[in-house]
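Coordinates in review
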Amino acid sequence: MPAVSKGDGMRGLAVFISDIRNCKSKEAEIKRINKELANIRSKFKGDKALDGYSKKKYVCKLLFIFLLGHDIDFGHMEAVNLLSSNKYTEKQIGYLFISVLVNSNSELIRLINNAIKNDLSSRNPTFMCLALHCIANVGSREMAEAFASEIPRILVAGDTMDSVKQSAALCLLRLYKTSPDLVLMGEWTSRVVHLLNDQHMGVVTAAISLITCLSQKNPDEFKTCVSLAVSRLSRIVSSASTDLQDYTYYFVPAPWLSCKLLRLLQCYPPPEDGAVKGRLVECLETILNKAQEPPKSKKVQHSNAKNAILFEAISLIIHYDSEPNLLVRACNQLGQFLQHRETNLRYLALESMCTLASSEFSHEAVKTHIETVINALKTERDVSVRQRAADLLYAMCDRSNAKQIVAEMLSYLETADYSIREEMVLKVAILAEKYAVDYSWYVDTILNLIRIAGDYVSEEVWYRVIQIVINRDDVQGYAAKTVFEVLLHEPSKFGRWFGSVLLGRPLVQFNLLHSKFHLCSVPTRALLLSAYIKFINLFPETKATIQEVLRCDSQIRNSDVELQQRAVEYLKLSSIASTDVLATVLEEMPPFPERESSILAKLKKKKGPGAVSVTELDDSKREAGELNGGADRGPDTASTPSPSADLLGIRSAAPVGAAQTNAGSLLVDVFSDSGCSHFPFPLLPIHSLFVLLPICFHPCFVLGLSLHPCPVLWPPSSAPPSEDPAPPLSEADELLNKFVCKNNGVLFENQLLQIGIKSEYRQNLGRMYLFYGNKTSVQFASFSTTVSCPGELQLNVQSKPVEPLVEGGAQIQQVLNIECITDFCDAPLLNIKFSRYGGALQNLTLKLPVTINKFFQPTEMSSSDFFQRWKQLSQPQQEAQKIFKANHSMDTEVLKAKLLGLGTALLDNVDPNPENYVCAGVIQTKGQQIGCLLRLEPNAQAQMYRLTLRCSKDTVSKRLCELLAQQF
Amino acid sequence: MIGGLFIYNHKGEVLISRVYRDDIGRNAVDAFRVNVIHARQQVRSPVTNIARTSFFHVKRSNIWLAAVTKQNVNAAMVFEFLYKMCDVMTAYFGKISEENIKNNFVLIYELLDEILDFGYPQNSETGALKTFITQQGIKGQTKEEQSQITSQVTGQIGWRREGIKYRRNELFLDVLESVNLLMSPQGQVLSAHVSGRVVMKSYLSGMPECKFGMNDKIVIDKQGKGGASDDAGKSDLGGGSGKQSIAIDDCTFHQCVRLSKFDSERSISFIPPDGEYELMRYRTTKDIILPFRVIPLVREVGRTKLEVKVVIKSNFKPSLLAQKIEVRIPTPLNTSGVQVICMKGKAKYKASENAIVWKIKRMAGMKESQISAEIELLPTNDKKKWARPPISMNFEVPFAPSGLKVRYLKVFESKLNYSDHDVIKWVRYIGRSGIYETRC
């Protein structure tokens, strides 16, 4: 590169910079800059030509001012002029200014590109390098568009200088990273790969970065690089430390290049060609050997370079996972690092060993280091290294050493850092479950775990324990006994999982449990209450005592709703229901279906995807299957969500209750006796009972089940509702949109009132059941509802008046009969008025979810039919089209479900593009039938849809288009 | 209740740190530095709230004074205190600068101990402070002197000690006003107000009782109704153009003024402190005499040229002379060259301030002067239009633009044998420009 000549020192710039540095205050600095800017402006005025030197100087000053944080809005032209200079320093400053300051939309970009092109085609290597550096520094899409085709040519041209090739390779890499679609290698591929054979090590180093990046995207095209890389590697590895001269770094030959070569090889599976493979193995052996040699220098750089190659080689060995003796050797060498002085080396060794442990060849070898690793866990000062040690212990654990490792981890847990405790707990729980040989050990371990790290034991862990204990009858005895013993000495924590373990002498047990009751947290108490009711079932002699407990004020009037509810319900259940009912309701929990362990899932979530390998997962499932041998495994259970938190909560009790109703309506009596006839089941027509089962899971019905003990003391307010209906709620339209594709659900909910809907439609008629639930404990008075249709004679809605009084916690039902006279746009309005004791008159207006699509009849038709009709409806007003962004996920199944929910028939094999959805249907009104054709074209990339509707009536297509656009 | 008081230099280094309350920790010092002094964007609000701590600051040249509190204090009180603190420091060692503060830091701590007690402001009257906080080190004080100091600090009249004797009883009265204006290009007044101060320097013997009278509208009206009782007092002490009375919007007084008397009779009577002090501060918004009128004319000739013509007219008695006139005409940011022609004074393009500065030393009333400039512009690729900031002006005139006149200042001293006529009185009016701007 040309040396900077003396005249190019730019004294003016130096003076200016020192002036700025000497400024006492910000104001002074701004003044100085303003002065300089004015000076530069007067120089750039254009009436006199500036020589290259002063142009460069002023552009430099502008650049400096810009870098100080001031806006620069002139001088670009001068900078571009500098690009065409023949002097290196002037060109350099010009490029510097351009790459820092010019934004892509500037009008100068054409001039700049021109200048860059000139430099690229010049024979001068320094100019070419400057241009390439500028392209890479800017790296914008525009640059890529302009030069992506040019650079590969320079890269592979025979007469290009080495330094230019180096720059070209890196520049191309940059462009590829910003806009991969514009960099098309195609014909250049093989010639780029052959750069690996280049004489110049710098070129090889630059090229290999490019090749690694490219081969990650399309490995097949670059397959040939493997053998070249291996031969290059072997040449480097076998060379003496003096052979490579400039590229020897502290006695290590070309460490960077070696690392990059090894990393490139990690993109590919082991070479199939025996000779190549042999050579590679030889290389790796040499690397391992060299690492064993005594160091040639005491400098830290020497050992760093050597170790870098070694670790890269080891990760390649792990990646191949096919050479047992190499793996074992690698493991042994890593073992030496475990006690190295350098913290970083210890960390890296532990990390690599983690992956080694998962290989079947080296697992045993890793296990020999168990003592060292345990020691590291205990004595290491750096928390991240300790974390790695814990990971490694987890990875190397198997049946033979599980007891030792789990014990060590447990003892470490007592002193572990808070940041890794939760993860440790999960690991211990998983290991204990995975490698449990006998259940007493398992139960002991988990008990210990809970004792040591109580607060860090997540819900999943103890759910899982209970699952296992319940599924195995033989463990229950031991578990109950252990827990019982512990309970005598230890406070509340264990009460939690006592609930489902039902053995021992009843009264003693009960008293013991109850003595801890007040020490427990609310969720624990809830479980304890459930346990009590089970006591009643199993040991009727405890009934009186337990009822006494339930009846006392601290339960039945508890401020916590959940506890209060449970206490009241259990009390009623125990006092009213016969033993048969009780026995059925409180039957022992059926064994849990086998699932993917929720703990494992949690650990996976914690560590992010990929941290727990798939094999490990399968492994654990297999193990778990053995452990819980008795349970059948469903074929698809792996995808079911984690088990419900509540073991005997309302939610799981409800379906049992529903089943009971079906059988003999026994339960209904239970609840109606209690004075609240709001239980929804008997009021519903029998034919809709099948829908109840899923609905039961909905909180609204759970709420319906609850009994509110507060007596109604106040007389109902007598003021009749006189106001006009309120305007519709602001969110009414949103509420409406929820129901376009479904017929049942909760329409509205606030602190007072919940409105559920169930509706069915046939032809042009519909029936809608409205369920009004009073969420408070206070009676609603003057409850009235009115339905009004905004349009003239479009819809006919008939309703029966509702009961004027709604008890606290009760639910009433209203039936609406709907007839569609002609097509309509606006949904009917539902106005609800009621007054609450002590409260003002509540006036609420909602939109009923009656939309035109509810009267769809699906029509099946063939492809030819469809297109024929499509063409028939080709008048512009008959078509409505909308392009919109996706609001929800673009999952195929979800979309299909929505389109079916719409009421139309989803036609397969009609549209040539399988991504698109095509539907057809007829809207039934009293007077006429309106045919509708629908086409939905999703664009997954842009997250957009195009929706096209063609209907025989223009208003309908418009309305449907509006409605549907909200849904996807 | 001020929690602490810090003084910083322009770099944000702490020069003085005095913490009065425990709720202010050391980190408050850094919080202010980081969030205000070193803030990326200049902090314009004088009150900053950082982590439930309020910082009140004033800046004097390169020095920042910050009062810190965690409580809900009266912000006006805190600022009044800070200004007072500045006055006290100026009275002790002159200009507030980093060097002066460093040289006098023992004194400043001593002062801070005296004028703030557990965060509550105490007597901050310079005259009183100077009697017991001296720069000369500890002097042996006699018992009498000590008891005098005690009685003065604890007594009713904390601002004046007894037994003052002057051979010549003299009294200087300065009416200092600053006039603020914002005018539209067409000459419409958008906002105008005058804030004024009456500063006195009194060298009077004994414990004199003074009475100050001015042409306050309410007083004049009242007296007019009462039947012109005090015509003699109307003798014109000032020299401005004639106007009978002015309406004062609001005013504050020095603590020596008997407020009860002002409330009931609207008369200003007081026992003056010895030396220099500010008797009152006031503000008026009505019937302001605007000393200068600025008429701007800006014409854009193409993209690369701008022609500016500015005429100033003086609007007061021809016998009076305005001084230190300076007109500042902002120029666009892409100015590449300026040619100026002016009839009077000197004009120069100051690139560092992006403005043309036109200075005239003296100008009599009812005169007119003009400047014209040609500004060359450099074409930029930036499409932003020039915002045309207003033309601002500085000047000094020898009358009060609010029209305030001192009608009388009477001195009564019953114990000593001098009367009102023996006191030599000097009155001076100075009107200065505050923010005096005309849009163009």
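The structure under discussion appears in the preceding block.
Okay, so let's go over this structure. (Residues numbered from 1 in each chain as written. Chains lettered and ligands numbered in written order. Predicted model: local features only at pLDDT ≥ 70, side-chain atom pairs only at ≥ 80, totals over all residues. Heavy atoms only, no water.)

Things to note about the overall build of chain A
On a plain count of helices and strands, chain A comes out with 42 helices and 16 strands. Out of the 968 residues belonging to chain A, those deemed buried represent 51%. Look at the contacts in chain A between residues 6 or more apart in sequence, and 68% of them connect residues 24 or more apart. Counting only carbon and sulfur atoms, one obtains 52% of the accessible surface of chain A, whose full area is about 45,300 Å². (Helix = DSSP H or I, 4+ residues; strand = E, 2+ residues; numbered from the N terminus. Buried < 20%, exposed > 50% of the residue type's maximum accessible area, 1.4 Å probe, protein only. Contact = heavy atoms within 4.5 Å. Areas by Shrake-Rupley, 256 points an atom, 1.4 Å probe, with all protein chains shown as cover.)

Remarks on helix H7 (residues 125-138) of chain A
All names here are of chain A. Compared with the 20 Å implied by 1.5 Å per residue over 14 residues, the 20 Å span of H7 between its first and last C-alpha is a close match. Of all 14 residues making up H7, 10 are buried, and the element is well covered by its neighbours. Residues of H7 that are buried in the fold lie against helix H5 (88-101), helix H6 (109-121), helix H8 (141-147), helix H9 (150-156) and helix H10 (162-178). Note on H7: the residue one or two positions beyond its end, glycine 139, has a positive phi of about 60 degrees. (Expected span 1.5 Å × (residues − 1).)

A few points about the interface of chain B and chain A
The parts lose accessible area when they come together, and the size of an interface is often stated as this lost area. Each side of the interface is counted separately: chain B has 18 residues, and chain A has 14 residues. With both chains or domains summed, chain B and chain A bury close to 1,400 Å², and 48% of this area falls on carbon and sulfur atoms. Seen at the junction of chain B and chain A, the total is 2 salt bridges. Lysine 45 of chain A serves as the salt-bridge partner of glutamate 376 of chain B, at 3.8 Å between the closest nitrogen and oxygen. Along the contact surface separating chain B from chain A lie 5 residue pairs in polar contact (both at pLDDT 80 or more). (Buried area = accessible area lost by both parts, 1.4 Å probe. Salt bridge = Lys/Arg side-chain N within 4 Å of Asp/Glu carboxyl O. Polar contact = N/O pair within 3.5 Å; in protein donor to acceptor, adjacent residues only side chain to side chain.)

Some remarks on the environment of glutamine 763 of chain A
Residue and element names in this part refer to chain A. By secondary structure assignment, the location of glutamine 763 is in the loop between strand E4 (753-762) and strand E5 (765-774). Taking the C-alpha atoms as reference points, glutamine 763 and threonine 925, separated by 162 residues in sequence, lie 7.5 Å from one another. Setting aside anything within four residues of it in sequence, one finds glutamine 763 in contact with Phe855, Gln857 and Gln924.

A look at the pattern of salt bridges
All names here are of chain A. Under the defined criterion, the tally for this structure stands at 42 salt bridges over all chains. Its salt-bridge partner being glutamate 408, residue lysine 378 comes within 3.0 Å of it at the nearest N-O pair. With lysine 378 in helix H20 (residues 370-379) and glutamate 408 in helix H22 (residues 402-413), this pair connects stretches of sequence that are 30 residues apart. Given a relative accessible area of 18%, glutamate 408 falls into the buried group. Between arginine 950 and glutamate 879 there is a salt bridge; the shortest N-O distance is 2.7 Å. A residue pair is termed long-range when its members are at least 10 positions apart, and arginine 950 in strand E16 (residues 944-951) and glutamate 879 in strand E12 (residues 879-885) qualify at 71 residues. Given a relative accessible area of 12%, arginine 950 falls into the buried group. What makes glutamate 879 partly exposed here is its relative accessible area of 28%. Connected through salt bridges with shared partners, the residues Asp19, Arg32, Glu36 and Lys61 form a single ionic network.

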